[in-house]
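Spelled out from the first residue to the last, the chains are:
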Amino acid sequence: MLDGWFQWFIVFWVFFLITMLSIGGYFMFRKFLKRLPKEDGKSILDWQDHYIQKSRHLWDQQQKDLLEDLVSPVPELFRDVAREKIAGKIGELALQEKAPFITQDHVIRGYILATPKRDHKFLIKHLKEKQINYQMYKAMF
């Protein structure tokens, strides 16, 4: 039979591997659910890509830079996913309003709608640093 420290080493690795596989499986399952088609035949990610493609011509460099600033605190590994999710929501807002171009207002509202509440603290801090009035968005926070 196994004795002492080697037995504990094996037990530790069994629990460690089960935990890591569970965490990875959870995130893979979430991605799978986002790819499932809804009633209209398109998935959440399909609509996100659609809004990004349809609104691509509405972006100017200043709004792209603002979006890049807003996603800068996101870890590098997840930054592309966050940028696409927020850009999709911004594009959706702009297309629904039939806007001729994407404004700072679209970027801020899109960020608020696309991100969880815990990320809104960073947005408020960033808007204060840039001296942008955020009082009209308070109801959205």
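Data block above holds the structure.
Chains are numbered independently. Their residues run from 1 in the order of the written sequence. Residues qualify for local features only when their pLDDT is at least 70, as the model is predicted, and side-chain atom pairs are given and counted only at 80 or more; totals for whole chains, interfaces and linings, by contrast, use all residues. Calculation of side-chain values draws on the structure's entire complement of heavy atoms; hydrogens and water are dropped beforehand.

Enquirer: What is the right way to read the overall build of the chain from this model?
Expert: The helix and strand labels rest on DSSP assignments: H or I over at least four residues marks a helix, E over at least two residues marks a strand, and numbering proceeds from the N terminus. Check the secondary structure of the chain and you find six helices and zero strands. Going from the N terminus to the C terminus, the chain shows its helices and strands as α-α-α-α-α-α. The globule rule is 2.2 Å times the number of residues to the power 0.38, and the radius of gyration it is compared with is taken over C-alpha atoms. Its C-alpha atoms give the chain a radius of gyration of 21 Å, clearly above 14 Å, the size a compact globule of 141 residues would have. On the principal axes, the C-alpha backbone points of the chain span a range of 75 × 40 × 30 Å.

Enquirer: I would appreciate a short explanation of helix H3 (residues 61-71) in the present structure.
Expert: The periodicity of an α-helix, 3.6 residues per turn, causes residues three or four places apart in sequence to face the same way. For every residue, the accessible area obtained with a 1.4 Å probe (protein chains only) is divided by the maximum for its type, and the residue is called buried under 20%, exposed over 50%, and partly exposed between those limits. All of the buried residues along H3 are Gln63, Leu66, Leu67, Leu70 and Val71. Buried residues of H3 fall within an arc of 130° about the axis and therefore sit on the same side. Structural note: H3 exposes Gln61 and Gln62 on the side pointing more than 90 degrees away from its buried face. If you follow the buried residues of H3, they end up packed against helix H4 (76-96), helix H5 (104-114) and helix H6 (120-129). Arc definition: it is the arc formed by the directions from the helix axis to the C-beta atoms. We call two residues in contact when some of their heavy atoms are within 4.5 Å.

Enquirer: Could you clarify how one ought to interpret the side chain of glutamine 63 in this entry?
Expert: As for its position among the elements, glutamine 63 is in helix H3. A residue is classified by how much of its surface remains accessible, and glutamine 63, at 7% relative accessible area, is buried. Not counting the four nearest positions on each side in its chain, glutamine 63 is found in contact with Ile102, Thr103, Gln104 and Val107.

Enquirer: Please explain the environment of serine 55 as it appears in this structure.
Expert: Inspection of the secondary structure assignment puts serine 55 in helix H2 (residues 44-55). As for serine 55 and alanine 87, which are separated by 32 residues in sequence, their C-alpha atoms are 9.1 Å apart. Residues in contact with serine 55, not counting those within four places in the same chain, are Gly91, Leu95 and Ile102.

Enquirer: What is the right way to look at the packing of helix H1 (residues 4-35) against H2 in this model?
Expert: Packed helix pairs are specified by the crossing angle of their axes together with the interaxial distance, meaning the distance between the axes. The convention used is that axes are lines fitted to C-alpha atoms, helices contributing only their stretch in contact, and that angles between N-to-C directions extend from 0 to 180 degrees. Look at H1 against H2: their axes get within 5 Å of each other, and the N-to-C directions meet at 65°. Judged on the interaxial angle alone, H2 and H1 are roughly perpendicular. Together, Lys31, Lys34 and Arg35 of H1 and Ile44, Leu45, Asp46 and Asp49 of H2 make up the contact between the two elements. Side-chain classes are defined by residue name, with Ala, Val, Leu, Ile, Met, Phe, Trp, Tyr, Cys and Pro counting as nonpolar, Asp, Glu, Lys and Arg as charged, and the others, Gly among them, as polar. Of the residues contributing to the contact of H1 with H2, the split by class is two nonpolar, no polar and five charged. Geometric relationships in this document are graded by angle, where less than 35 degrees denotes roughly parallel, more than 145 denotes roughly antiparallel, 65 to 115 denotes roughly perpendicular, and other angles denote oblique.

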